[in-house]
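Structural overview for review
Given next are the chains, with one letter for each unit.
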Amino acid sequence: TDDDNSADVDTTGISELLRSLCAIAILPVDPAQQARVESLAADLSHQRFALPDGVASARFHSFGIETTPVPFPPSCDRMLVVSPFLSPWALDALPQPSTMSVLVSRTEELDAMPLNVLDRFDDVHVLDPLASPTDDRATDTNPPADDPGVDLEGLHAKLYVFESGDDVVMLTGSANATSAAFKHNVEVLAELTAQPRDAGVVALLDGGSEDSGSLSRLLIPYTRLDDAPVRTDDAVADRLDQIRRAIAAVPITADVIAAEGDTFHVRYSSVEPFPPFPDGVEARVWPVTLRSADGAVAVGAASLDLTVTVSFEALTAFLVVELVDGDATTRGVLRTDLRNAPADRGSRLLRLLLGDASRFLRYLLLLLADETSDRFELTELLDKIDATDQNTDGQSVLPTVPLLEALLRALRRDPKRLEQVDRLVTDLADETDILPPHFGEIWQPVWAIAQERSS
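Residues numbered from 1 in each chain as written. Predicted model: local features only at pLDDT ≥ 70, side-chain atom pairs only at ≥ 80, totals over all residues. Heavy atoms only, no water.

Things to note about the overall build of the protein
Here is the rule we go by: Going along the chain from the N terminus, every DSSP run of H or I of four or more residues is numbered as a helix, and every run of E of two or more is numbered as a strand. Each residue is assigned to one of three classes by its accessible area relative to the maximum for its type, calculated with a 1.4 Å probe on protein chains only: buried under 20%, partly exposed between the two thresholds, exposed over 50%. Only heavy atoms matter for contacts: two residues are in contact if any of them lie within 4.5 Å across the pair. Methods summary: accessible areas were calculated by the Shrake-Rupley approach with a probe of 1.4 Å, and residue burial reflects only the protein chains presented.
Scanning the protein for helices and strands turns up 16 helices and 17 strands. In the protein, which comprises 455 residues, the proportion classed as buried is 42%. When contacts within the protein are restricted to residue pairs at least 6 apart in sequence, long-range pairs at least 24 apart make up 65% of them. Just so you have it, the protein exposes about 24,000 Å², and 51% of that area is on carbon and sulfur atoms.

Focus on the sheet that holds strand S5 (residues 123-127)
Under the convention used in this document: For two strands to count as paired, DSSP must find a minimum of two bridges between them.
Read across the open sheet, the nine strands follow the order S1-S2-S8-S7-S6-S3-S4-S5-S9; overall the sheet is mixed. Both edges of this open sheet fall to strand S1 (9-10) and strand S9 (219-221), since each of them pairs with a single strand only. With eight bridges joining them, strand S2 (residues 55-63) and strand S8 (residues 187-194) adopt antiparallel strand pairing. From the neighbouring strand, phenylalanine 63 faces S8, where its bridge partner is glutamate 187.

Overview of the sheet that holds strand S13 (residues 296-298)
Spelled out, the test is: With axes taken as lines fitted to C-alpha atoms, and helix axes fitted only over the stretch in contact, angles between N-to-C directions fall between 0 and 180 degrees.
Spatial ordering of the open sheet is given by S13-S12-S15-S16, a layout of four strands whose pairing is antiparallel. Looking at the sheet topology across the chains shown, the edges are occupied by S13 and strand S16 (328-335). The average angle at which neighbouring strand axes cross in this sheet is 30°, direction not considered. Inspection of the sheet shows strand S15 (residues 318-325) paired to S16 by eight bridges, in the antiparallel sense. In the strand pairing of S16, leucine 323 is matched with threonine 330. Packed onto the sheet, helix H10 (residues 235-248) meets strand S12 (281-287), S15 and S16 and runs at close to 20° relative to S16.

Focus on H10
Applied cut-off: Given the number of residues in a helix, its expected span is that number minus one, multiplied by 1.5 Å.
Over its 14 residues, H10 extends 20 Å from the first C-alpha to the last, a length consistent with the 20 Å expected when each residue adds 1.5 Å. All of the buried residues along H10 are Asp238, Leu240, Asp241, Ile243, Arg244 and Ile247. On its buried side, H10 packs onto helix H7 (179-183), S12, S15 and S16.

Examining the packing of aromatic side chains
Each aromatic ring pair is specified by the distance between its two centres and by the angle formed by the two planes. Test applied: A pair of aromatic rings is counted whenever rings of Phe, Tyr or Trp (Trp by its six-membered ring) have centres within 6.5 Å, and the orientation is called stacked for planes under 30 degrees apart, edge-to-face for over 60 and tilted otherwise.
Considering all chains together, one arrives at seven aromatic pairs under this definition. Seen from their ring centres, tyrosine 160 and phenylalanine 182 are 6.3 Å apart, and the 70° between their planes marks the pair as edge-to-face. Here phenylalanine 182 lies in helix H7 and tyrosine 160 lies in strand S6 (residues 159-164), a separation of 22 residues in the sequence. Of the two residues, tyrosine 160 and phenylalanine 182, neither departs from the other in class, the shared state being buried. Ring plane angle 85° and centroid distance 5.3 Å describe the contact between phenylalanine 360 and phenylalanine 439, whose orientation is recorded as edge-to-face. One end of the pair, phenylalanine 360, is in helix H12 (residues 357-368); the other, phenylalanine 439, is in helix H16 (residues 439-454), with 79 residues separating them in the sequence.

Observations regarding a nonpolar patch on the surface
Under the convention used in this document: Residues enter a patch when their relative accessible area is above 30% and they make no salt bridge; the linking distance is 9 Å between like charges and 5 Å between nonpolar side chains (Val, Leu, Ile, Met, Phe, Trp, Tyr). Salt-bridge detection follows one rule: a side-chain nitrogen of Lys or Arg within 4 Å of a carboxyl oxygen of Asp or Glu.
Together, Leu21, Ile24 and Val186 make up an exposed nonpolar region whose accessible area comes to about 210 Å². Its location among the elements puts valine 186 in the loop between H7 and S8. According to the relative accessible area criterion, valine 186 is partly exposed, its value standing at 36%.

Description of the nonpolar core
Across soluble globular proteins, nonpolar side chains have a tendency to be buried as a group. This is how it is decided: As used in this record, nonpolar core signifies buried Ala, Val, Leu, Ile, Met, Phe, Trp, Tyr and Cys residues forming a set joined through side-chain atoms within 4.5 Å.
Within the largest apolar cluster, 31 residues are counted, with the highest numbers of intra-cluster contacts made by Ile247, Val266, Tyr268, Phe274 and Leu304. Only H10, strand S10 (252-258), strand S11 (263-270), S12, S13, strand S14 (305-311), S15 and S16 provide two or more residues apiece to this core. When sequence neighbours within four positions are dropped, the list of residues in contact with valine 266 reads Ala254, Asp255, Val256, Leu306, Thr307, Val308, Val310 and Leu315. In terms of nonpolar packing, the next biggest core, distinct from the first, is built from 27 residues, Val81, Leu86, Ala90 and Leu118 among them.

Spelled out as structure tokens, the structure:
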């Protein structure tokens, strides 16, 4: 895209958020990591971003660092809200459209909303189960080494669309339509402006033509259950969020002990007791790579002591904490101090993610391409790799891709970017089936020149 178009992206909100993260971190942040975060924030302030087709401008909103107004307009003609989680407070904070209002969420969340809150919307929908294919891997606690990924299922998107006259404002990011998202959590929303014909409520729902994609094809009307438990206020949810934050402030260690084969015992233990839990609050903790059933009940005013046996792929420093109080539930992620993990864990995980020479080249090209002017050339190169994959075993990819030109361009524009490539190549030095044949003959002289320039 041209410079004038990409200049309409205001990155101030996300840069300020990045600069604040180290200060609000619960655990101490290494000074080197702080420097990298500051460098990233500084880079964002002058980088060029390509706007999506039909979008006129963009900016970012961040919440949870300082008191920030909810970025909902006071009024609008049409409104579309897509949110997996809901609370009465957030839905009441939305404007009342004069023409059309649509809400899309999950059945269990809609069941918990008071009827008078849902009555504010003309149409309420849920995701059609047929639009979300199931995958047996989603329940696999130890995914195979050659395919550690798990397909997502269900509704995950957060989207707010406000249409007024000839203007459309879209908000999308991490914030659900809940009081926790806008009053307590650290969240980010991107604000995009467009015109109704490109991104209006009707255009998004109907797709504009029979041949184009439309959101409405993925939805079915919501039907209220007679015995649905109603959540009348946000007080309980707010209390659970406060407890979750208090738990997150407790340091937790994760000690790894090698077991039989390629399995490991991991003991998660808190350095000090968890905070006391109010009557009626129950808590459960489990590794993020496993199921809830593999975890343990957490007790208020007591220390955590959980031991699990996992595969190499399921080793993780992250725990899920779930708090339940009656019909209200909240979940969060706890970061632990992972100790005595295999020394080659990083390179082995990288191998699992990359898999073969063509994936390596895709990742390498993405690392090297940092200019918006490279976007169309990069797409062409990636398509060429895909075409090669379909006809070969992946070992003949290198001659078809102008990798030397990409490396030399990075050497001229931003030699520091080659440091990331060197770390990647070093980690994969022994992976002969991932590094393309003769790659070293191209990489070594380029890296030698980059080192000379930096010395």
